[in-house]
Every structure is written in structure tokens, then in C-alpha cells.
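Survey of secondary and tertiary structure
Residues per chain, in single letters:
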Amino acid sequence: MNAGPLTMKLKLVSFDADGTIVDNDYVNSFWFRELPRLYAEKTGIEFTEAREVLTSHYDEIGDEDIRWYKPEYWFERFGLEKNPEEVIERIQVPENVRLYEDALEVTESLRGEYRLIVTSNAPRIFLDYALNQIEKRFYGIYSCVSDFGEVKKGPNVYRKVLSRVGISPERSVHVGDHWKFDYQIPRKLGMRTFYIERNGGVVPKEDGVLGDLRDLEGRIKEMEN
Ligand SMILES: [Mg+2]
């Protein structure tokens, strides 16, 4: 009888979106370029002044408040009579949405063998445009703000996502670029987690730290053996 160690086939690979699959810049271009431009147009003030005004309003609400994440809230608050979806659609031209090459490659190579999902705190309105070109690779795209009413990816968000996909934490991997919300929190639940270092610095030799997402497949195979 084979008394060797049990192997554990992993089933699910979850990706963070902003800073992991897609460059954050597309989000900044909405908050710090397009909204101030619209506000300057409406009020007749200079663009730089409009940007300062809006930034102080953003700071006043703060990222612990779910309204902070919602374009429709800000359109109403600033009296912008436009449809947020149309505005986002107009600025989400391909050159504004830069998908990381390693993310494109690794999702393509893992999709046949694992169920792939996205677990993000970006509102769905942004995720839909950002991931438009590759959405078919994912079994599900989950936004903690839009789907669960939570501003941060806390333990409950991961629990709910796993229950929706019906896979246990032990058979699941999550990768992202935030040390606390992508690496530590899901790891505490028993998920296998990886941290992607995008800043080109020295990659710490810690367990689960990646300098390139293309290394993910090899690391998953090591875990399974
Ligand atoms: Mg991120």
C-alpha cells in the first residue's frame, strides 16, 4: 500500500484585479482626470482647482465609507448630469486599460486546469471595463463593494466568494498586490496565498512572494506534489 504523503490537487485560483491583472492607472484617470474635467466644465473653474476641490471631497468621505467607491454617488454629489457608465465607457479606451503581460499569460495557461476567478474591491462598473478583453477566462468576477457591500476584502468576503464557487479554502489559491488584504487575510482562512511585487524592487524571499505572475504555475505544482 502506498503510504506516501497525500497530494492535494488545487482547484481554484483567485486573482486580485487592480495592480495584479490590470495597471491602476485606469482608475486614477477616472477620479483625477475625467471627473475634475467634467466638474471644471460645469462650474467654469480651472482644471487644477477642480481637482483640488474633488480631492478634498474624496478625502472627507474616505475609503472606509462605501460611497467613496461609487461613481454614481459622486456624480450626484457634484451635480454632474451624466451617466457614469457612459463616461467610464468613453475613457476606458484600450490604451487606458493596461493588462499586465504576465497576468495575460498565466491566466491563459491556468484556465484549462483550474477554475479562475477575480476577487476585487473595485466596483463592478470598473471591473467590467478593465477585464472586458479577458472576462471569458474567469468562472466569476466578484466585487466586494458591488456584490457584498463591503469596502475591503475581509475574511467574510473570501468566505462568501468560496461558498459561491463551492470550493474549500484548502484547495484555493489567491494572488494579489496588497500584503494584508490579498496575502494575510485569505491565508488565515486556509487559502494558499501569493503576493505579487510590482514595484521592481528586490523580491523578498518570503513564502509566497512573486516577482512575476508567470512563476505562479510552477509554485502551484510544487504545492500539489
Ligand atoms: Mg490590488
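Position labels on residues start from 1 in each chain and follow its written sequence. In keeping with the model being predicted, local features are shown solely for residues with a pLDDT of at least 70 and side-chain atom pairs are shown and tallied solely at 80 or more, while totals for entire chains, interfaces and linings include all residues.

**Considerations on the overall build of the protein**
Each helix is a run of DSSP H or I of at least 4 residues and each strand a run of E of at least 2, with the numbering of both proceeding from the N terminus. The secondary structure content of the protein amounts to ten helices and six strands. For the protein, the spread of C-alpha atoms along the three principal axes comes to 80 × 30 × 30 Å. Counting over 225 residues, the protein shows a buried share of 32%. Here, residues touch in the contact sense if the C-beta positions derived from the backbone fall within 7 Å of one another. When contacts within the protein are restricted to residue pairs at least 6 apart in sequence, those whose partners lie at least 24 apart make up 60%. Labels follow a simple rule on C-beta atoms placed from the backbone: if 20 or more others lie within 10 Å of a residue's own, it is buried; if 12 or fewer, it is exposed; otherwise it is partly exposed.

**Details of the domain arrangement of the protein**
Throughout, the edges of the domains are those of an automatic or database domain assignment. Taken domain by domain, the protein consists of domain 1 (12-23 + 98-224) and domain 2 (25-94). Computed over C-alpha atoms only, the centres of domain 1 and domain 2 are separated by 27 Å. Opposite the 13 residues of domain 1 that make contact, domain 2 presents 14 residues. The dominant element in the side of domain 1 that touches domain 2, judged by the number of residues it contributes, is helix H6 (residues 124-130), at four residues. Broken down by class, the residue content of the side of domain 1 that touches domain 2 amounts to nine nonpolar, one polar and three charged. As a working rule, the residues Ala, Val, Leu, Ile, Met, Phe, Trp, Tyr, Cys and Pro are called nonpolar, Asp, Glu, Lys and Arg charged, and the rest polar, with Gly in that last group.

**Points about the sheet that holds strand E1 (residues 12-15)**
The six strands are arranged E3-E2-E1-E4-E5-E6 in an open sheet whose pairing can be described as parallel. With one partner strand each, in any of the chains shown, strand E3 (140-143) and strand E6 (209-210) form the two edges of the open sheet. Following DSSP output, two strands are said to pair if at least two bridges run between them. Where E1 meets strand E4 (residues 172-176), four bridges bridge the pair, whose relative direction is parallel. Its bridge partner being in E4, Ser-14 is matched across the sheet by His-174. Strands in contact with helix H8 (residues 155-165) are E1, strand E2 (115-120), E3 and E4; relative to E2, the strand with the most contacts, it is inclined by about 150 degrees. Against the sheet, helix H10 (residues 216-224) touches E4, strand E5 (192-196) and E6, its axis set at about 155 degrees to E5. Under this scheme, a helix contributes an axis fitted over its contacting stretch, all axes are lines through C-alpha atoms, and angles between N-to-C directions fall in the 0 to 180 degree range.

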